[in-house]
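Close look at the chain arrangement
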Amino acid sequence: MKVAFWSNRRGTGGSTVHLACISVWYAMAFPMRQAVIFENHKSQGGLESILCKSQVKESQYYRSGGLGSLLRRVGDREEPTLLELEWMAERFFGERLMYFPIGADLGPEQLNYHLGGKLRSFLGTLEKKVPMVWMDLQATAPTNRSILSAADRVIISLPQNRVAWDSMIRNHREIHRKAFYLIGNYEEDSEFTAERIGREYGIREDRLATVPHSVYLMVRVKGSDDPVSDELLSQ
């Protein structure tokens, strides 16, 4: 299954954080399944900073692995084995969670060109090897439309803000049928409640959930040292 995580509100929806948390939960809840994570954009506060807690570095997977290496293999019509996928990825929980960092050798234009041109074969290769593919999308990345169309499910993260919801529902009706909505940084005392959002925008209760405000989570995402979380991810 291909699941895209997206928000049309850059920096406020919490989409990347939600993907990181849900993917870790998935690895813990389903120990016999594997999942792949990648993103269609470069960002200083992206998945790498959350999962790996590192800056861009000259390590083995940046020189000869990661997303760039995988895209080149697919472009050369090579289909990597599961073992090769594991080698090219940053791995957590053994090999259950595989993250493909973009790396320093793949600039934004190259990423858009290679990912956009090879998306169908790239996703097909991943689906043959693992049951779950998680995709983190930037708010306005050039490859968004193709990825959203190819995704089986779309997890949309939005703040508790009427303008954001109006824009999403009005401009992106085509993905509504396969969308699940997350309200990030949720405040119970707000007048714009989950119940009101569901009622006003016609979203079923089983398609709408909240992510409460969490000081601990925000501190963790901003990069403070947390040996407990680091130990958890390395299991």
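Residues numbered from 1 in each chain as written. Predicted model: local features only at pLDDT ≥ 70, side-chain atom pairs only at ≥ 80, totals over all residues. Heavy atoms only, no water.

Let's talk about the overall build of the chain
Counting secondary structure elements, the chain contains 11 helices and 8 strands. For the chain, the proportion of its 235 residues judged to be buried stands at 51%. Within the chain, contacts between residues at least 6 apart in sequence are counted, and of these 77% link residues at least 24 apart. Of the roughly 12,200 Å² of accessible surface on the chain, a fraction of 51% belongs to carbon and sulfur atoms. (Helix = DSSP H or I, 4+ residues; strand = E, 2+ residues; numbered from the N terminus. Buried < 20%, exposed > 50% of the residue type's maximum accessible area, 1.4 Å probe, protein only. Contact = heavy atoms within 4.5 Å. Areas by Shrake-Rupley, 256 points an atom, 1.4 Å probe, with all protein chains shown as cover.)

Considerations on the packing of helix α8 (residues 162-171) against helix α9 (residues 194-201)
As a packed pair, α8 and α9 sit with axes 12 Å apart at the nearest point and diverge in direction by 30 degrees. When the interaxial angle is binned, α8 and α9 end up roughly parallel. Here α8 and α9 pass one another in a crossing that is right-handed. On the side of α8, the interface is formed by R162, W165, D166 and I169, while α9 contributes R196, I197, E200 and Y201. Tallied by class, residues from the contact of α8 with α9 come to 4 nonpolar, no polar and 4 charged. (Axes fitted to C-alpha atoms, helices over the stretch in contact; angles between N-to-C directions. Parallel < 35°, antiparallel > 145°, perpendicular 65-115°, else oblique. Left-handed = near helix turned anticlockwise from the far one by under 90°. Nonpolar A, V, L, I, M, F, W, Y, C, P; charged D, E, K, R; others polar.)

Focus: the environment of R77
Mapped onto the elements of the fold, R77 is located in the loop between α4 (66-75) and α5 (82-88). For R77, a relative accessible area of 80% gives the class exposed. Sequence-wise, R77 and F122 are 45 residues apart; in three dimensions their C-alpha atoms are separated by 9.9 Å.

Describing the sheet that holds strand β2 (residues 35-39)
Read across the open sheet, the 8 strands follow the order β3-β4-β2-β5-β1-β6-β7-β8; overall the sheet is mixed. Among the strands making up the open sheet, the edge pair consists of β3 (90-92) and β8 (208-212). Sheet twist, expressed as the average angle between the axes of neighbouring strands with direction ignored, equals 20 degrees. Bridge count between β3 and strand β4 (residues 97-99): 3 bridges; the pairing is antiparallel. If you follow F92 over to β4, its bridge partner there is L97. Across the sheet, helix α1 (residues 15-29) touches β1 (2-6), β2, β4, β5 (132-136), β6 (153-158), β7 (179-186) and β8, and the angle it forms with β5 is around 160 degrees. (Pairing = 2+ DSSP bridges.)

A closer look at the side chain of N144
Positionally, N144 belongs in helix α7 (residues 144-150). At 3.1 Å, the side chain of N144 forms a polar contact with the backbone oxygen of A139. (Polar contact = N/O pair within 3.5 Å; in protein donor to acceptor, adjacent residues only side chain to side chain.)

Observations regarding the pattern of salt bridges
Under the defined criterion, the tally for this structure stands at 10 salt bridges. The residue R73 makes a salt bridge to E84 at a minimum N-O spacing of 3.1 Å. A residue pair is termed long-range when its members are at least 10 positions apart, and R73 in helix α4 and E84 in helix α5 qualify at 11 residues. Residue classification places E84 among the partly exposed residues on the basis of a relative accessible area of 31%. Salt-bridge contacts for R196 lead to E200; the nearest nitrogen and oxygen are separated by 2.8 Å. Of this pair, R196 and E200 both sit in helix α9, separated by 4 residues, roughly a single helical turn. The partly exposed category is assigned to R196, whose relative accessible area is 29%. (Salt bridge = Lys/Arg side-chain N within 4 Å of Asp/Glu carboxyl O.)

A closer look at the confidence of the model for the chain
Here the chain averages 85 in pLDDT, and 86% of its residues register 70 or above. Segment residues 54-63: pLDDT under 50, and 19 contacts once partners within four positions in sequence are set aside and those in other chains are kept. In this model, residues 224-235 is a region of pLDDT below 50 whose contacts with residues beyond four sequence positions or in other chains number 21 contacts. (pLDDT = per-residue confidence, 0-100.)

A look at the pairing of β6
Extensive coverage of β6 is indicated by the burial of 5 of its 6 residues. Pairing of β6 with β7 involves 5 bridges; the strand directions are parallel. For L158, the partnering residue across the bridge sits in β7 and is I183. Handedness of the β-α-β unit built from β6, α8 and β7 comes out right-handed. (Right-handed = clockwise from strand over helix to strand, strands pointing away.)

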